Amino acid sequence: MDILNDLFAPSVSHRFMTLFMFNGIPSPLDLSFQKISGLSRTLNTTSMSQGGENSRNYHFADKITHGSLLLERGVMTLTPLTAQFDKVLRGESVLYADVVILLLNHNRIPVSSWIISNALPVSWKTGDLDAHANSILINSLELRYQDMRWLGVKA
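Described in the following lines is the structure provided in the data block. (Residues numbered from 1 in each chain as written. Predicted model: local features only at pLDDT ≥ 70, side-chain atom pairs only at ≥ 80, totals over all residues. Heavy atoms only, no water.)

Some remarks on the pairing of strand 1 (residues 16-22)
Only one face of strand 1 is buried: it carries Phe16, Thr18, Phe20 and Phe22, and the other face, with Met17, Leu19 and Met21, is open. Examined bridge by bridge, strand 1 and strand 7 (residues 97-104) share seven bridges and lie antiparallel to one another. Bridge pairing links Leu19 to Val100 in strand 7. Relative to strand 2 (residues 25-27), strand 1 runs antiparallel, the two being bridged by three bridges. (Buried < 20%, exposed > 50% of the residue type's maximum accessible area, 1.4 Å probe, protein only. Helix = DSSP H or I, 4+ residues; strand = E, 2+ residues; numbered from the N terminus. Pairing = 2+ DSSP bridges.)

Structure representation (structure tokens):
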């Protein structure tokens, strides 16, 4: 019965890992982030009414849009990811990344994952430098992506 309880229990959101791949090559130093948001997909629709009937609308599928993936972590030394982002955001090159986000259970075994395809860095923000605060300096990295696949089956 514990297996069924584990299978249908909601997953916690604080155990996750991220893997970036540039040209199919993984970046092994850039696995940890404090926060990830923007895993979203929306089906836009066109609304039409038929004839003179205004009480009912028909909704037709239109275009799918994806959110912006926002990754946050403490400022750290130069890594392959930050080097690539810096090149793109300085206009030196355009390089798309594939991103795998793994949600982990208490034994650090993946229970769900998302695959982000053709992600392009569009923004890099560093938190405020504040002499009165005793907090971690945060980098926020924003990516726009072409597609998101959710592989949501627990094992």
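Notes on helix 2 (residues 80-89)
Within the span of helix 2, buried status applies to Leu81, Thr82, Phe85 and Val88. Projected down its long axis, helix 2 carries its buried residues within an arc of 125°, all on one side. Gly91 lies just past helix 2 and shows a positive phi near 85°. (Arc of directions from axis to C-beta.)

What about a nonpolar patch on the surface?
On the surface, Met48, Tyr58 and Phe60 cluster together to form a nonpolar patch covering roughly 320 Å² of accessible area. Here Tyr58 is to be found in strand 5 (residues 58-66). (Patch = residues over 30% accessible without salt bridge, like charges linked within 9 Å, V, L, I, M, F, W, Y side chains within 5 Å. Areas by Shrake-Rupley, 256 points an atom, 1.4 Å probe, with all protein chains shown as cover. Salt bridge = Lys/Arg side-chain N within 4 Å of Asp/Glu carboxyl O.)

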